[in-house]
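# Report on the structure
In case you want the letters, here they are:
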Amino acid sequence: MEKIPMTRAGHAALDEELKALKSVERPAVIKAIAEAREHGDLSENAEYHAARERQSFVEGRIKELEAMLSLADVIDTSRLSGAIKFGATVTLVDEATDEERTYQIVGEAEADIERGLLNIRSPLARALIGKDEGDSVDVRTPGGQKSYEVVTIRYI
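Residues numbered from 1 in each chain as written. Predicted model: local features only at pLDDT ≥ 70, side-chain atom pairs only at ≥ 80, totals over all residues. Heavy atoms only, no water.

### Digging into the nonpolar core
The condition is simple: Only buried residues count toward a nonpolar core. Its members are Ala, Val, Leu, Ile, Met, Phe, Trp, Tyr and Cys residues joined through side-chain atoms within 4.5 Å. Relative accessibility decides the category of a residue: with a 1.4 Å probe and only protein chains considered, values under 20% of the type maximum give buried, values over 50% give exposed, and everything between is partly exposed. Secondary structure counts use DSSP, requiring at least four H or I residues in a row for a helix and at least two E residues in a row for a strand, with both numbered from the N terminus. Any pair of residues with heavy atoms lying within 4.5 Å of one another is described as a contacting pair.
Counting residues in each nonpolar core, the largest one holds 19 residues, and the members touching the most others are I84, L92, I105, L118, L124, L128 and V150. At the level of elements, β3 (89-94), β4 (100-106), α3 (123-128), β6 (136-141) and β7 (144-154) are the ones that each hand at least two residues to this core. The element contributing the most residues to this core is α3, with four residues. Excluding its chain neighbours within four sequence positions, the residues that come into contact with L124 are L92, Y103, L118, V139 and Y148.

### Concerning the pattern of salt bridges
Opposite charge on two side chains permits pairing when their charged atoms draw close. How we decide: A side-chain nitrogen of Lys or Arg and a carboxyl oxygen of Asp or Glu constitute a salt bridge if their distance falls within 4 Å.
Evaluation of the coordinates by the stated rule reveals 13 salt bridges. Across the pair R121 and E108 runs a salt bridge whose closest N-O atoms are separated by 3.1 Å. Of this pair, R121 sits in the loop between β5 (117-119) and α3 while E108 is found in the loop between β4 and β5, placing the two residues 13 residues apart along the sequence. Classification of R121 as partly exposed rests on a relative accessible area of 49%. When the shortest N-O distance is used, the salt bridge between D112 and R115 registers 3.5 Å.

### What to know about the sheet that holds β3
For the record, the criterion: Think of it this way: DSSP has to see at least two bridges between two strands before they count as a pair. Angles here are taken between N-to-C directions and fall from 0 to 180 degrees, while the axes themselves are lines fitted to C-alpha atoms, restricted in helices to the stretch in contact.
Strands sit in the order β5-β4-β3-β7-β6 across an open sheet of five strands; the sheet is mixed. Single-partner strands in this sheet number two, and they are β5 and β6. Strand-to-strand twist across the sheet, computed as the mean angle between neighbouring axes with direction ignored, equals 45 degrees. By the bridge criterion, six bridges tie β6 to β7 in an arrangement that is antiparallel. Across the sheet, the residue bridging to S136 is E149, located in β7.

### Observations regarding the environment of K19
Within the secondary structure, K19 is located in helix α1 (residues 8-37). Spatially, the C-alpha atom of K19 lies 9.0 Å from that of I62, the residues being 43 residues apart in sequence.

### Topic: helix α2 (residues 46-70)
What counts, and what does not: Expected span of a helix, by definition, is 1.5 Å for each gap between consecutive residues, and there is one gap fewer than residues.
The terminal C-alpha atoms of α2 lie 36 Å apart, and with 25 residues this matches the ideal 36 Å at 1.5 Å per residue to within 8%. Of all the positions in α2, only Y48, A51, V58, R61, I62, L65, M68 and L69 are classed as buried. The inward-facing, buried residues of α2 contact β1 (4-7), α1 and β2 (72-75).

Treat this as a map of the structure, not an account of what it does.
Written out as structure tokens, the structure reads:
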């Protein structure tokens, strides 16, 4: 199986989610199922079916997180430097609007564009790899062609 690149922070967040699911969510779901069973006929018991559905979700997410964490290749981004690569925190300026944005290039499992965590496989991240400060980057996005200038590159 292929290793999954991940930052230390991303690995810690997924590990924390896994611990919460195992120690809080799983016992709560088991308790909810037990309480629903006490209400009698399971075939028409909506609480029971909802609890079983929640249990299915929790167990599926636990398996997913365990698989991701077992394949994780944790990269210490603080030891990196130079041109843009995995883990870089990059400040860009949209050349058309002068809007400034900052992204960290992270693995697929920890990507969250709303928090500025850019998936390494995204068109923008792929275009940024290997670029230096001052370089211009042209990217074809779902919203059309965009041009950015790389303002800063940091590894934190």
